[in-house]
Amino acid sequence: MIKLGILASHRGSNLQAVLDAGLEGVLDARVVVVISNNSASLALDKARNAGIDAIHLSSKNEGSEENTDRSICRALRDHEVDLILTLGYMKKLGKETLGQFKNRIINIHPSLLPKFGGQGMFGNKVHQAVLAVGDKKSGASLHLVDGEYDTGPVLSQRSLDVLPDDTAESLAARVLELEHRLLTDTLVKIAQGEIILP
Ligand code: GRF
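Residues numbered from 1 in each chain as written. Predicted model: local features only at pLDDT ≥ 70, side-chain atom pairs only at ≥ 80, totals over all residues. Heavy atoms only, no water.

1. A look at the overall build of the protein
A tally of regular secondary structure across the protein gives 7 helices and 7 strands. Taken over the C-alpha trace, the protein has a radius of gyration of 16 Å; the compact-globule value for 198 residues is 16 Å, and the two agree within 12%. Dimensions along the principal axes, computed over C-alpha positions, put the protein at roughly 50 × 40 × 35 Å. A burial count over the protein gives 49% of its 198 residues as buried. Sequence separation of 24 or more characterises 64% of the internal contacts of the protein that already satisfy a separation of 6 or more. Just so you have it, the protein exposes about 9,800 Å², and 49% of that area is on carbon and sulfur atoms. The averaged location of the 25 negative side-chain charges in the protein is 3 Å from the averaged location of its 22 positive side-chain charges. (Helix = DSSP H or I, 4+ residues; strand = E, 2+ residues; numbered from the N terminus. Rg over C-alpha atoms; globule rule 2.2 N^0.38 Å. Buried < 20%, exposed > 50% of the residue type's maximum accessible area, 1.4 Å probe, protein only. Contact = heavy atoms within 4.5 Å. Areas by Shrake-Rupley, 256 points an atom, 1.4 Å probe, with all protein chains shown as cover. Lys, Arg positive; Asp, Glu negative; His and termini not counted. Charge placed at Lys NZ, Arg CZ, Asp CG, Glu CD.)

2. What to know about the environment of Ala47
Along the polypeptide, Ala47 turns up in helix H2 (residues 42–49). For Ala47, the contacting residues outside a window of four places in its chain are Leu15, Val34, Ile52 and Ala54.

3. Description of the site of the ligand
By nearness alone, every residue bordering the ligand is listed as Arg11, Gly12, Ser13, Asn14, Gly88, Ile108, His109, Pro110 and Glu179. Contact between the ligand and Gly12: an oxygen atom at 2.7 Å from a main-chain N or O atom of the residue. Taking Ile108, its main chain carries an N or O atom lying 3.2 Å from a nitrogen atom of the ligand. Within the complex, 84% of the 370 Å² of free accessible area of the ligand lies under protein. When atoms are counted within 2 Å of each cavity's grid points, the one that captures over half of the ligand is the largest pocket. At the level of secondary structure, the elements contributing two or more residues to the shell around the ligand comprise helix H1 (13–23) and strand E5 (105–109). Considered class by class, the residues forming the shell around the ligand number 2 nonpolar, 5 polar and 2 charged. (Near = heavy atom within 4 Å. Polar contact = N/O pair within 3.5 Å; in protein donor to acceptor, adjacent residues only side chain to side chain. 1 Å grid on protein atoms, 1.4 Å probe; cavity = no way out; pocket = protein on both sides within 12 Å on 5 of 7 lines; lining within 4 Å. Sits in = over half its atoms within 2 Å of the grid points. Nonpolar A, V, L, I, M, F, W, Y, C, P; charged D, E, K, R; others polar.)

4. Considerations on the packing of H1 against H2
Geometrically, a packed helix pair is captured by the angle between its two axes and the distance between the axes. For the pair H1 and H2, the least separation of the axes is 9 Å and the interaxial angle reads 20°. On the basis of their axis angle, the class for H1 and H2 is roughly parallel. Contacts from Ser13, Leu15, Gln16 and Leu19 in H1 reach Ala43, Lys46 and Ala47 in H2. Across the contact of H1 with H2, the residue classes tally to 4 nonpolar, 2 polar and 1 charged. (Axes fitted to C-alpha atoms, helices over the stretch in contact; angles between N-to-C directions. Parallel < 35°, antiparallel > 145°, perpendicular 65-115°, else oblique.)

5. So, empty space enclosed by the protein
Summed over all chains, the structure comprises 1 cavity of 30 Å³ or more. Taken as a whole, the largest cavity spans an internal volume of roughly 30 Å³. Around the largest cavity, the lining residues are Ser111, Leu112, Lys115, Phe116, Val130, Asp135, Lys137 and Ser138. Each residue belonging to the lining of the largest cavity can be placed in one class, and the counts come to 3 nonpolar, 2 polar and 3 charged. (Points joined across faces, edges and corners; volume = space filled by probe spheres on them.)

6. A look at H2
Here H2 has its buried residues at Ala43, Leu44 and Ala47. Buried residues along H2 cover an arc of 100° about the axis, so they all sit on one side. In the core, the buried residues of H2 are packed alongside H1, strand E2 (29–36) and strand E3 (53–56). You can read the cap of H2 off the contacts: a side-chain oxygen lies 3.0 Å from the backbone nitrogen of Ala43, and it is on Ser41. At the exit of H2 stands Gly51, carrying a positive phi of roughly 75°. (Arc of directions from axis to C-beta.)

Printed below as a string of structure tokens:
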């Protein structure tokens, strides 16, 4: 069984999708720790409600980005995680965590990368940008984290049609549902050896 460590900053709906897939017996993986830079993150609440270790780690409390990186890395190691998922985590990971978990950190992004990725491309900004250029398709991507924003090798993607009357909000809502399915399906494939990480 794969042990997952999750980093998230806000709502935690992708975390919930992973927890649900585990409970439904679809996914042979267990979330063992959830870490957030935001003490008010709903992801931490969801973790606590599920009896999972929930840890708030931010540079404000830890004193520096380096200390935060060290603490994040230690928490993930202490929980013996096999795979880390950044699910709406609004911070860049530090060198220690990236080095210790090379090719074992996966990020989810609400666009068809490499389109509409990079610094500042989050939340509705992504969907506004898709609508602004008039793309007929959008979607979601999972990729390995290489330390930059949204640039590591893509592991899986799924697309949907952009509708003529879509707003950033309506598109965001459909992409989010797609994200949840893509995430759980990809994790199942990793757990079953159908997707092999480098
Ligand atoms: C998702 O759209 C994800 O792709 C992006 O941030 C959002 C997080 O949503 N990186 P949630 O916190 O999982 O609900």
